[in-house]
Amino acid sequence: MVYNIFKGLGIALVTPFCADGSVDEQSLVKLVEYQLQNGADFFCILATTGETPCLSAAEKARIKELVVSTVRHRVPILMGCGGNNTAAVVEELKTGDFSGIDGILSVCPYYNKPSQEGLYQHFKAIAAATSLPVVLYNVPGRTGVNLKAETTVRLARDCQNIVAIKEASGSLEQVDEIIKNKPATFDVISGDDALTFPMVSCGAVGVISVIGNALPKEFSKMIRLQYQGEYEAARKIHHRFTDLFGLLFVDGNPAGVKAMLHEMGMIENVLRLPLVPTRISTLQKMSEIMKELKI
């Protein structure tokens, strides 16, 4: 039986770039160590927040190598492997180097808008192509298609190594339906920082977090308090960051969190086109909130 090991605070890891646009390997290693020392329970690499579509194959391989060698098995590592060409994803799973990787995060096929049966067959093929645990990733705002609760539960029941879903539909009703009907061996993980508190309260086991890149200590504390049943204390932490959550994504992800990390002196504020840095007005608001929170 395969179980989900991706619980608590997961970091949706950014890819730091130097001023010339190259991958900043030194800052990446420092960032991973900072997060490990401040409450990170697992990492999610080479996914949306890592600007993966704008990385070369060589860069992706190097980032994976650096993270694996820095983490040194201290926490699990989840790696993005998905797309809208099922055969290509299956081929990557069969031939790629997944040494040091503990699981696969696979996003719903984007742009071509498959039916629920198409989504089911896509993920069933992916699960059959690997012995690694698979975490589904539902983010309709990016993919244009919603993996419905009944399809998620069907996959969880039919595919032994599909162990969890990163749910970023924004629908607490859908989250609750999955948690109500899922098998005991399957978990729900929040894919939205702002909804992590209510989702964990409903039974989600953690989050794959963007803000955790910059504030792992604070965000992991909220989740741990919820695990202990201390909901009032956890709610206070959640409400402290409400305004920051909104600003993080107003100019796109990872523009907001990269601006935060830059303000903290941890990385250059550089993204790859078509993404651009957050607006100065947004950055000023974020900076004011961070000062109020004594960050």
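Data block above holds the structure.
Along each chain, residues carry numbers from 1 onward, in the same order as the chain's sequence is written. For this predicted model, a pLDDT threshold of at least 70 governs which residues receive local features, and a threshold of 80 or more governs which side-chain atom pairs are given and counted, while totals over whole chains, interfaces and linings are taken from all residues. Excluding hydrogens and water, the side-chain figures rest on all heavy atoms present in the structure.

We now examine the pattern of salt bridges. Any carboxyl oxygen of Asp or Glu within 4 Å of a side-chain nitrogen of Lys or Arg constitutes a salt bridge here. Here the structure, examined in full by the defined rule, presents 11 salt bridges. Across the pair Lys258 and Glu51 runs a salt bridge, and its minimum N-O distance is 2.6 Å. Linking Lys258 in helix H12 (residues 255–263) with Glu51 in the loop between strand S2 (42–45) and helix H2 (57–71), this pair joins segments that are 207 residues apart in sequence. Each of the two residues, Lys258 as well as Glu51, counts as buried. Arg235 serves as the salt-bridge partner of Glu232, at 2.5 Å between the closest nitrogen and oxygen. On the criterion of helical spacing, the pair formed by Glu232 and Arg235 is a turn pair, its members being three residues apart in helix H10 (residues 231–240). Each residue is assigned to one of three classes by its accessible area relative to the maximum for its type, calculated with a 1.4 Å probe on protein chains only: buried under 20%, partly exposed between the two thresholds, exposed over 50%. Classification of Arg235 as partly exposed rests on a relative accessible area of 29%. Within this structure, Glu25, Arg62 and Glu65 form a network of salt bridges that share partners. Only DSSP runs of H or I with at least four residues qualify as helices, and only runs of E with at least two residues qualify as strands; both kinds are numbered from the N terminus onward.

Helices are assigned an expected span. That span is 1.5 Å times one less than the residue count. Taking 1.5 Å per residue as the helical rise, helix H4 (residues 116–128) with its 13 residues ought to reach 18 Å, and the 18 Å between its terminal C-alpha atoms agrees with that figure. Buried residues of H4: Leu119, Tyr120, His122, Phe123, Ile126 and Ala127, and no others. Across the axial projection of H4, the buried residues extend over an arc of 165 degrees, all falling on one side. Taken from the helix axis, the directions to the C-beta atoms give the arc we talk about.

Across soluble globular proteins, nonpolar side chains show a tendency to be buried alongside one another. By size, the foremost hydrophobic cluster in this structure holds 81 residues, and its most contacted members are Leu13, Phe43, Ile45, Val67, Ile162, Leu244 and Met260. With five residues, the single largest contributor to this core is H4. Here a residue-residue contact requires only that any non-hydrogen atoms of the pair lie within 4.5 Å. Ignoring sequence-local partners within four residues, the contact set of Leu244 consists of Ile211, Leu215, Met260, Met286, Ile289 and Leu293. One finds Val107, Val139, Ala164 and Ala168 within the second-largest nonpolar core, a separate group that totals 17 residues. Definition of nonpolar core: a set of buried residues of the types Ala, Val, Leu, Ile, Met, Phe, Trp, Tyr and Cys, connected through side-chain atoms within 4.5 Å.

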